[in-house]
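In case you want the letters, here they are:
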Amino acid sequence: MSRYIPLTERDKEEMLKEIGVSSIDELFSSIPPELRFKGTIDIEPIKEEASLVEYFKKIEAQNRFSDKKIFLGAGAYNHYIPYAVDFLSMRSEYLTPYTPYQPEVSQGNLAATFEYQTYIAALTGLEVANASMYEGATATAEAGLMALRIKKGKIALAKSLHPQYKEVIYTYLEKQNYEIIEIGYEEDGRINLEELDEKIDNTFSAFIVGYPNFFGIVEDLKSIHEILREKKVLLITSTWEPLALALIVPPGKTGAEIAVGEAQSFGLPLAYGGPYLGFFATLKKHVWKMPGRLVGMTKDVEGKRGFVLTLSAREQHIRRQRATSNICSNEAWCALRVAIYLSLLGRKGLRKLALLNHKRAVKALEMLEEKGFKAKFTGPFFNEFVIDVGQDGEEFRDKLLNRGLVAGYPIGKDYPKLKNCLLLTFTEMNSPEDIGTLVKEMEALK
Amino acid sequence: MKLIFELSKEGKEGFHIEEEEGRIKLPENIIRDEIEEFPEVTEREVVSHYLRLSVMNYSEDWGLYPLGSCTMKYNPKVNELIASFFTGAHPLLPEELVKGNLRIFKELEEALKKITGLDAFTLAPAAGAHGEFTGITIIKNYFEARGESREIVLIPDSAHGTNPASSALAGYKAVEIPSDIHGRINLEKFKEALSEKVAALMITNPNTLGIFESNIRKIADLLHEKGAFLYMDGANMNAFLGKVIVSDLGVDVMHLNLHKTFSTPHGGGGPGSGPVGVIKELESFLPGPRLVEKNGNLHWVPGKGRIRSFYGNFLVLVKALAYIKELGGEGLREVADLAVLNANYLRAKLTSNYKISYDTPTLHEFVLTDETYRDKVSTLDIAKRLLDYGFHPPTIYFPLIVHGALMIEPTETESKETLDEFVDAMLKIKKEAEDNPNLLHEAPHTTPVRRLDEVGAARNPVLTYMEVKNNQNLEAH
Amino acid sequence: MVLDEFYYTKSHEWVKVEGEKATIGITDFAQSELQDIVYVELPEMGKVINKGDVLCSIDSVKSSAEVYAPVSGEVVEVNEKLSAEPELINKDPYGEGWIAVIKISNPDEISELLSAKEYEEMLEGEK
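Note that the structure is a prediction, hence the values are computed from the model and not measured.

1. Some details on the overall build of chain B
Helix and strand content of chain B: 13 helices and 13 strands. A globule of 477 residues ought to have a C-alpha radius of gyration of about 23 Å, and chain B, at 25 Å, matches this closely. Overall size of chain B, expressed as C-alpha extent along the three principal axes, is 70 × 70 × 45 Å. In chain B, which comprises 477 residues, the share counted as buried stands at 59%. At a minimum sequence separation of 6, the contacts of chain B that also span at least 24 residues come to 72%.

2. Points about the overall build of chain C
When helices and strands are counted, chain C shows four helices and nine strands. In sequence order, chain C lays out its α and β elements as β-β-β-α-β-β-β-β-β-α-α-β-α. Compactness check: chain C gives a C-alpha radius of gyration of 13 Å against a globular reference of 14 Å for 127 residues, within 12% of the reference. Looking at chain C as a whole, 41% of its 127 residues are labelled buried. Relative to all contacts within chain C whose residues are 6 or more apart in sequence, the contacts with residues 24 or more apart total 63%.

3. A short note on the sheet that holds strand 6 (residues 54–60) of chain C
All names here are of chain C. Across the sheet, three strands lie side by side as 4-6-7; this open sheet has antiparallel pairing. Of all the strands in the sheet, just strand 4 (37–41) and strand 7 (64–68) have a single pairing partner and so form its edges. For this sheet the average axis-to-axis angle between neighbouring strands, irrespective of direction, equals 25°. Here strand 6 runs beside strand 7; their pairing, made up of five bridges, is antiparallel.

4. Side note on the domain arrangement of chain B
Along its sequence, chain B is organised into domain 1 (4–54), domain 2 (78–325) and domain 3 (329–441). Relative placement of domain 1 of chain B and domain 2 of chain B: their C-alpha centres are 42 Å apart.

5. A look at the environment of B:Ala174
Positionally, B:Ala174 belongs in strand 3 (residues 173–177). Each C-alpha atom, one on B:Ala174 and one on B:Gly227, is 18 Å from the other, the two residues being 53 residues apart in sequence.

6. Side note on the packing of helix 2 (residues 49–60) of chain A against helix 8 (residues 314–350) of chain B
Where helix 2 of chain A meets helix 8 of chain B, the axes come as close as 11 Å, and the angle between the chain directions of the two elements is 135°. Of the possible angle classes, the one that applies to helix 2 of chain A and helix 8 of chain B is oblique. Relative to helix 8 of chain B, the crossing made by helix 2 of chain A is right-handed. Along the contact surface, helix 2 of chain A presents A:Leu52, A:Tyr55 and A:Phe56, while helix 8 of chain B presents B:Ala322, B:Lys325 and B:Glu326. Residue classes in the contact of helix 2 of chain A with helix 8 of chain B are distributed as four nonpolar, no polar and two charged.

7. Let's talk about the environment of A:Leu365
Residues and elements named next belong to chain A. Its location among the elements puts Leu-365 in helix 11 (residues 332–370). Considered as a pair, Leu-365 and Gln-164 are 201 residues apart in the sequence and their alpha carbons are 26 Å apart. Setting aside residues up to four positions removed in sequence, Leu-365 forms contacts with Ala-375 and Phe-385.

8. A look at the packing of helix 5 (residues 107–124) of chain A against helix 1 (residues 43–54) of chain B
Running from N to C, helix 5 of chain A and helix 1 of chain B point in directions that differ by 135°, and their axes come no closer than 7 Å. Considering the angle they form, helix 5 of chain A stands oblique to helix 1 of chain B. Between helix 5 of chain A and helix 1 of chain B, the residues in contact are A:Gly108, A:Ala111 and A:Ala112 and B:Tyr50, B:Leu53 and B:Ser54, respectively.

9. Digging into the interface of chain B and chain A
Contact residues are listed per partner, giving 175 residues for chain B and 159 residues for chain A. The set of elements that each furnish at least two residues to the side of chain B that touches chain A consists of helix 1, helix 2 (78–84), helix 3 (99–116), helix 4 (128–145), helix 5 (162–169), helix 8, helix 12 (454–459) and helix 13 (465–469) of chain B. Element by element, the count of residues in the side of chain B that touches chain A is highest for helix 8 of chain B, at 23 residues. When grouped by side-chain class, the residues that make up the side of chain B that touches chain A number 93 nonpolar, 43 polar and 39 charged.

10. Details of the interface of chain A and chain C
Contacts between the two partners involve five residues from chain A, matched on the other side by eight residues from chain C. Grouping the amino acids of the side of chain A that touches chain C by side-chain chemistry returns three nonpolar, one polar and one charged.

11. Considerations on the pairing of strand 8 (residues 290–294) of chain B
Residues and elements named next belong to chain B. Inspection of the sheet shows strand 8 paired to strand 9 (residues 297–301) by five bridges, in the antiparallel sense. Among the inter-strand pairings, Leu-291 is bridged to a residue of strand 9, identified as Trp-300. Between the end of strand 8 and the start of strand 9, which pair antiparallel, lie two residues, with Asn-295 showing a positive phi angle near 55°.

12. Some thoughts on the confidence of the model for chain C
It should be kept in mind that the predicted coordinates are not to be read in detail where pLDDT is low. Residue and element names in this part refer to chain C. Averaged over chain C, the pLDDT score is 92; the fraction of residues at 70 or greater is 99%. When mean pLDDT is taken per element in chain C, helix 3 (residues 88–91) scores highest with 96 and helix 4 (residues 116–126) scores lowest with 89. The complex model carries a pTM of 0.95, and its ipTM stands at 0.97.

13. A closer look at unusual backbone geometry
The step from A:Gly274 to A:Pro275 runs through a cis peptide bond, and the omega angle for that step is 5°. Within the secondary structure layout, A:Pro275 lies in the loop between strand 7 (258–262) and strand 8 (278–282). Look at the link from B:Phe398 to B:Pro399: it is a cis peptide, with omega at 5°. A positive phi is found at B:Phe310, a non-glycine position, where the angle reads about 60°. Checked against the element boundaries, B:Phe310 lands in the loop between strand 9 and helix 8.

14. Overview of the environment of A:Met90
Within the secondary structure, A:Met90 is located in the loop between helix 3 (83–89) and helix 4 (92–95). Sequence-wise, A:Met90 and A:Arg337 are 247 residues apart; in three dimensions their C-alpha atoms are separated by 9.6 Å. For A:Met90, the residues in contact, after removing those within four places along its chain, are A:Leu95 and B:Glu80.

15. With respect to helix 5 of chain B
All names here are of chain B. Burial analysis of helix 5 places eight of its eight residues in the buried class, which makes it a mostly covered element. Within the span of helix 5, buried status applies to Thr-162, Asn-163, Pro-164, Ala-165, Ser-166, Ser-167, Ala-168 and Leu-169. Directly beyond the C-terminal end of helix 5, a positive phi value near 90° is found at Gly-171.

16. Some thoughts on the sheet that holds strand 3 (residues 21–26) of chain C
All names here are of chain C. Taken together, the six strands give an open sheet; going across it, the order is 1-2-3-9-8-5, and neighbouring strands pair in antiparallel fashion. The open sheet has two edge strands with one neighbour each: strand 1 (7–8) and strand 5 (48–49). Note that strand 3 and strand 9 (residues 100–104) share four bridges and pair antiparallel. Pairing of Ala-22 across the sheet is with Ile-102, part of strand 9.

Definitions and limits used
Residues numbered from 1 in each chain as written. Chains lettered and ligands numbered in written order. Predicted model: local features only at pLDDT ≥ 70, side-chain atom pairs only at ≥ 80, totals over all residues. Helix = DSSP H or I, 4+ residues; strand = E, 2+ residues; numbered from the N terminus. Rg over C-alpha atoms; globule rule 2.2 N^0.38 Å. Buried ≥ 20, exposed ≤ 12 C-beta atoms within 10 Å, placed from the backbone. Contact = placed C-beta atoms within 7 Å. Pairing = 2+ DSSP bridges. Axes fitted to C-alpha atoms, helices over the stretch in contact; angles between N-to-C directions. Domains from an automatic or database assignment. Parallel < 35°, antiparallel > 145°, perpendicular 65-115°, else oblique. Left-handed = near helix turned anticlockwise from the far one by under 90°. Nonpolar A, V, L, I, M, F, W, Y, C, P; charged D, E, K, R; others polar. pLDDT = per-residue confidence, 0-100.

As structure tokens, then:
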């Protein structure tokens, strides 16, 4: 008898009687006997809660990172989450309902999603945003597919796009036989504009660029857009550290027509990679080609303000194989957390947090330069940058690991030319003292 | 109700950040202004606002949520506690620092292998549809590696919309197979459609009518003869736990929905998780990264392509594993037994007044048609009136092959009393439909908002607060 | 409702032939099945299309349908009004709700279309 199943033996008897069978087994008679499993799945139950908790505590105790000073970014960022985000989002009314297909009893979710859409549209400088995608990489792949619905053609990717995002784009787009090329970068870490102009013509549908890119560098989107505009190629940006958008010119204001990325920074724990949250924004004129759910504001029969899922005909449950995407379940609860987080930080708080992140990174680079290290790229960065350590980056990082430091990401894994480099990230969770320790230890290994 | 932006007032602060001295190293022309649309509110107001919004939501914790094919079962609370132990790790930490996390992936994969009988799993997909795309792509990669070009995926007309959408996304043409008079895949039509151009058939079993596809072994054999694969949509796995080993059915690839069968909370639409299992022959086509064991240590290695960043919806995986560990093999079987008992009980009690779609035995869910009330009210009206009775309605208008479909799945986590109350409400509503149909046409009457103008919302979409500000008609009441 | 002077297709399109031009829309039956139409993805001007190809798609709140070209030819006019007022198709499917005009490339195809009577019989049969 499970604590989750509210049926007594007596209940079961009465119910079987009502149905007109003598055993539960009879209810499975539509399954041919040779297909029925007669045994028991070989998994021992742990029925007592304390023992169950203990079991998982023991597993977690095998992890060894809680005492380390960590300077990692590259697609996921350590930001402090105000406790109110947990407090509110863990309410039953937010954690346990289904998708709001019955809007009359889902106004809380729908209103919060509407707020989330507003935040993303404002953040990206575009006009509409959907209710979420799975995470940043699939959001970027879906942006490519959306561009292809607007204009058929080839797709160009920046070489400096997040490597995992590139892999996902290839996996999604290759299945439909779309041609993809890559555009390289300059010494400053930004897109090679000459190469862009040369390789792209009006047979291309879109160009996807990281903003900031995987090197942490902030691209000159205006110049990129100028080149793309006359060839009628769409500019798509992908941002996996959206805190940057509180400080740098939003993509929508530079001519980008689709802006996507990863919203984990805004109130989602690192959680070893998930669940995260893909954000997706575009211009209103493209809304019918956009994937994902959308919440719209409307009125009820009494004239009261209300919210409802809308433009649903784009989606799989209506258009089936003609749908803008196959997405059904998304990351709605994560989007709620993002809305709460951004409401708490607000206009000024988010700005302050972005400045703080940036200043710490700038200071860290200054300190490293004093010790003789050099930034690999000269372009402007937000809170992460690539540093040349003068020896194999991965080995250098491993040595620092023994000193209690996770000194960033060995970017040589994805860019062989950067074998002697590390991608270092600094947020408000890396104190000046810890940064000092990092610099000291790096100097000692030089 | 007001939106957070309407509570904003200059000078308010919701979270304090100490400013620091320091240089800014960004050229002036790339710095933006503060985001003026973002509000300034205090924490007190944020909490009050989101609390007020929350109480307008019906939730699974509150009561019965009989949505067919969604398996809205109770979400155990201890799983939230257990997940909270695992929130801290950055996904790019060196493997030696996260052995505990890797162990979670390994244990869940092993458990799912035991439960389904399949040989290998990827835990990466973020939802069922994502799993479908992954599974169909695995099949496509297999054929590409052999230089075979197959263009078609066969899909029953009772299938969930994600099935054809996922096939199209993977670059296949979806061809529909009609159902027979018993509600099962029409075997003859299937045989006609089967050719060497077919890569796979996507089957849901039990299907969306709650009916066991009894010809599944035959279908699997016919597909295999033609070198094609059988994909199973595992959305309805709740009926099979511990009762049927999926690999015995001849299934080659399947996805599971952890947020359905395995009790992880729906969160208003996600996060979910859609692990995909395969037979040995397809293992090398699983997307990356893959977890392998070497000298007692677990490592990530590349796979065939990648379907998302990092490794999966990890916290959802933790919750599902905790559920499986608590229940064990016996507990899982009990779930299927009682899910099927509850559904058949409801069917027995409702079909005296409502018409069942097919006169075929059903398992964990069943579908009613609108035949007994269609002349007076619609299925939508019935659903809206149920809201006044304090119940979330069943799934409506799906599957498409049933007129005015009402798909009911109570799950195992409901008491007999709740089921009786639900039946009571349904019978009362049936009577109201006959005596006073207007009551239903205008329902719901007692919810936070009443029926909404969905046509207006679609014709003139208002999708952000910026659009509201520019439109006086939409000010809050 | 079915207008005598038009031709019809099995997929519920109507065709008004005037010289070498064919004006196309969807029938009253089709619009009532879709219910409140909220969006019409109009075909591109100048698009060359074959009989049976998808001309455009129409979305309502709860469903979506494709409109097929009843005859082959080139799209020479589209009803721009439908962008702002897709509901015209519901209100006046045979008049103001027209969708596009095709310049007919193969006049023989007209004889393959259904007459008003044949279309009506088909609707009766479907009931």
